[in-house]
Amino acid sequence: MVDTKYIFVTGGVVSSLGKGIIAASLARLLQARGYKVTNQKFDPYINIDPGTLNPYEHGECYVTVDGHEADLDLGHYERFTNTPTTRANNITTGRIYQNVIDKERRGDYLGKTVQIIPHITDEIKRNVKLLGSKNEFDFVITEIGGTVGDIESLPFIESVRQLRWEMGKNCVCIHLTYVPYIAAAKELKTKPTQHSVKQLQEVGIQPDILVLRTEHEISSEVRKKVALFCNVNPSAVIQSIDVPSIYEVPIKMHQQKLDEIVLAKTGMPIEGEPNLAPWEKFLHRMKSATKTVSIGLVGKYVELPDAYKSINESLFQAATYNDYKLDLQYIHSEKLNESNSDKLLGKLDGILIAPGFGQRGIEGKFVALKYAREHDIPTFGVCLGMQCMVIEYARDVLGYADANSTEMDVTTKHNVIDLMESQKSISNMGGTMRLGAYDCILSPDSIPAKAYGTTHIRERHRHRFEFNSDYRQEFEDAGMKCVGENPDTHLVEVVEVPSLRWYVGVQYHPEYNSTVLNPNPLFVDFVRAAIEYKNK
Ligand code: GLN
């Protein structure tokens, strides 16, 4: 049996260079060579997890099957590798400190002064090795959030230094930097990269591979120069040039032999080529599509598309599998009202009502839903979007003008969406929602059952409020059917209005399990319905 190999991906110069995409792309390439790979992300902030963060801070909160609220990079990992991640794949400084402090209180370090080195770094190292310890994976690829030189990421970087020393050849460091192009000088500048590598070297880490993010082709001279200044082989200086789609990055990395360099560094055999045929097939469909389907995403965080990362990607994958290009239009729910609804929604082929929390922007979602229902436009409600579908239907069809969720109005007489009994006693905000994957049984003749091709599905949740089953019969009599139900609690998970073309709301988040090679069937069917409507 071969030892698990550990790859670390650090970043320098600026943030947002796409460390997550590079890490996910490498995982894809190694997987395509038959290896078992997992991606891990360390986030240097003190929050225990990103669950309590406003999406404006770090974008979408992703949810793993085991109910962990995680960084959105885990979504990239899953979309690229088609392998579920868990709680162990995303660790924050907060969790490291919490674990160490809990151990201290238990007396685990009795007699000792608890310090950053060795106690915090040991806990970081334990969390890295944990993923490799069960012999489930040949490669563990760990991305260190933030940039080298940040005070916050120092303990993580120090842990990488120690692990590298301990593991020798079983460990590889990849450093991602930025090479800016100075238009006036018509030159790519490598100085920031040189400084960033020096900073890494100062803390004892010599990178094995450099990935240079750039907007212009990097010449072999520039590569050689970087290699010379940074003690890296010229062949291990790889460019990550801007590409129209992130899904092209694995191919670009393979063309420059990133996978082979990693195998060589870790002493693994390099045999043949990775099987990238299914991936290439997806890219081919993506590039061959000529016709466009327009989907409107109605939400309150639309200024920051990362807030809806998994939905954007699911829609894009679904369009590709329908051989269409996606024209995704972000519609600010706070700016949507009856007087502009025709202008903003009238030309759309499909409407998706986004998840979310709180009152802000909610009225715009009702406006969109009423418009969609009256014009019979294919409409998909996700989590809060589904709850809004129910509320709007109660107001406009059942005639309960004050119908609401108790999240928005605790005093409403018609609480068609309400807090679960088990949620009422909860006071802590972090990690206490209904989280993770739950079973759902679908009515055999419903749109979702046909889309999934089965009546038994499992999807991920992240919410506190639920459809109030006291109203179930009334809704059903009025034409909104409850077509998906949790088999254990009988909570309503899916609603549908069968008299309309495609009007489906799901309490769960289907966007979390849509991957490049395995798109979520409900998204694919929604986009198919939108295309059918467009071409009617
Ligand atoms: N705010 C709603 C709830 O907590 C919906 C959450 C969501 O859309 N993820 O139930």
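Counting restarts for each chain, with residues numbered from 1 along the sequence as it is written. Given that the model is predicted, a residue must reach a pLDDT of at least 70 before its local features are reported, and side-chain atom pairs must reach 80 or more before they are shown or counted; all residues, however, enter totals for whole chains, interfaces and linings. To get the side-chain values, all heavy atoms of the structure are used, and hydrogens and water are removed first.

Caption draft 1: Highlighting a nonpolar patch on the surface. Together, Y97, I101, I116 and I117 make up an exposed nonpolar region whose accessible area comes to about 350 Å². Elements with a minimum of two residues in the nonpolar patch: α4 (93-106) and α5 (116-133). Positionally, Y97 belongs in helix α4. A residue is classified by how much of its surface remains accessible, and Y97, at 30% relative accessible area, is partly exposed. Put simply, a patch holds well-exposed residues, over 30% relative accessible area, that have no salt bridge, with like charges counted together within 9 Å and Val, Leu, Ile, Met, Phe, Trp or Tyr side chains within 5 Å. Per-residue and other accessible areas were derived by the Shrake-Rupley procedure at a 1.4 Å probe size, with only the shown protein chains allowed to occlude residues. Take a side-chain nitrogen of Lys or Arg and a carboxyl oxygen of Asp or Glu: if they are within 4 Å of each other, that pair is a salt bridge. Only DSSP runs of H or I reaching four residues or more are called helices, and only runs of E reaching two or more are called strands; each is numbered from the N terminus. Throughout this description, buried means an accessible area under 20% of the type-specific maximum (1.4 Å probe, protein chains only), exposed means over 50%, and partly exposed covers the range between.

Caption draft 2: Quick peek at the site of the ligand. Around the ligand lies a shell formed by P355, G356, F357, C383, L384, Q387, E407, R462, H463, R464, F465 and H509. Here an oxygen atom of the ligand and a backbone polar atom of G356 are 2.9 Å apart. Look at the ligand: alone it shows 300 Å² of surface, and the protein chains cover 98% of it. Breaking the shell around the ligand down by element, the ones donating at least two residues are α15 (384-396) and β18 (456-463). Only Asp, Glu, Lys and Arg are considered charged, only Ala, Val, Leu, Ile, Met, Phe, Trp, Tyr, Cys and Pro nonpolar, and every remaining residue, Gly among them, polar. By residue class, the composition of the shell around the ligand is five nonpolar, four polar and three charged. Near, as used in this document, describes a residue that has one of its heavy atoms within 4 Å of the molecule or strand being considered. In protein, a polar contact requires one atom able to donate a hydrogen and another able to accept it; more generally it is a pair of N or O atoms within 3.5 Å, and residues adjacent in sequence count only if both atoms are side-chain atoms.

Caption draft 3: Spotlight on the side chain of D73. Here D73 lies in helix α3 (residues 73-81). What D73 contacts, discounting residues up to four positions off in sequence, is G20, K41 and E143. Here, residues are in contact when the closest pair of their heavy atoms is within 4.5 Å.

Caption draft 4: Geometry of the sheet that holds strand β1 (residues 5-11). The strand order across the open sheet built from seven strands is β5-β2-β6-β1-β7-β10-β11, with neighbouring strands paired in parallel fashion. The open sheet terminates on both sides in strands that have one partner only, identified here as β5 (90-92) and β11 (237-241). If you compare each strand with its neighbour and ignore which way they point, the axes differ by 20° on average. Of the pairings in the sheet, the one linking strand β7 (residues 171-178) to strand β10 (residues 209-214) comprises five bridges and is parallel in character. Counted as the bridge partner of T177 is L212 from β10. Fitted lines through C-alpha atoms give the axes, limited to the stretch in contact for helices. The angle between two N-to-C directions lies from 0 to 180 degrees. Here α3 sits on the sheet in contact with β2 (37-43), β5 and β6 (139-144), set at roughly 170° to β2. Lying on the sheet, helix α7 (residues 191-202) is in contact with β1, β7 and β10; it crosses β7 at an angle near 145°. Only strands joined by at least two bridges in the DSSP assignment are considered to pair.

Caption draft 5: Region of the structure containing the packing of aromatic side chains. The rule is short: rings of Phe, Tyr and Trp, with Trp giving its six-membered ring, pair when the centres are within 6.5 Å, and they are stacked under 30 degrees, edge-to-face over 60, tilted in between. According to the stated counting rule, one finds 18 aromatic pairs in the structure shown. Measuring from centroid to centroid gives 6.3 Å for Y301 and Y308, while their planes differ by 50°, and the two rings are tilted. As far as burial versus exposure is concerned, Y301 and Y308 are alike and both buried. An aromatic cluster of at least three residues, connected via ring pairs, comprises F80, Y247, W279, F282, F316 and Y321. Ring-over charges, as used throughout, are those where CZ of Arg or NZ of Lys falls within 6 Å of the ring centre and within 35 degrees of the ring normal. Across the ring face of Y438, the terminal group of R434 is positioned such that the distance to the ring centre comes to 4.8 Å.

Caption draft 6: Geometry of the packing of helix α12 (residues 309-321) against helix α18 (residues 521-534). Where α12 contacts α18, the axes come no closer than 8 Å and their chain directions differ by 60°. Seen along the crossing, α12 lies across α18 with a hand that is right-handed. Contact with α12, carried on its side by I311, S314, L315, A318 and A319, involves F523, V524, F526 and V527 of α18 and no other residues of that element. Looking at the contact of α12 with α18, its residues break down into eight nonpolar, one polar and no charged. Here a crossing is called left-handed whenever its near helix is offset anticlockwise from the far helix by less than a right angle, and right-handed whenever the offset is clockwise.

Caption draft 7: Layout of the packing of α5 against helix α6 (residues 154-167). Closest axis-to-axis distance for the α5/α6 pair is 9 Å, and the angle between their directions is 70°. Between α5 and α6, the angle is such that the two are roughly perpendicular. Like other packed secondary-structure pairs, α5 and α6 cross with a definite hand, here right-handed. Contacts between α5 and α6 pair I116, I117, I120, T121, I124, K125, V128 and K129 from the former with P155, F156, E158, S159, Q162, L163, E166 and M167 from the latter. Throughout this description, any angle smaller than 35 degrees is read as roughly parallel, any larger than 145 degrees as roughly antiparallel, any in the 65 to 115 degree range as roughly perpendicular, and the remainder as oblique.

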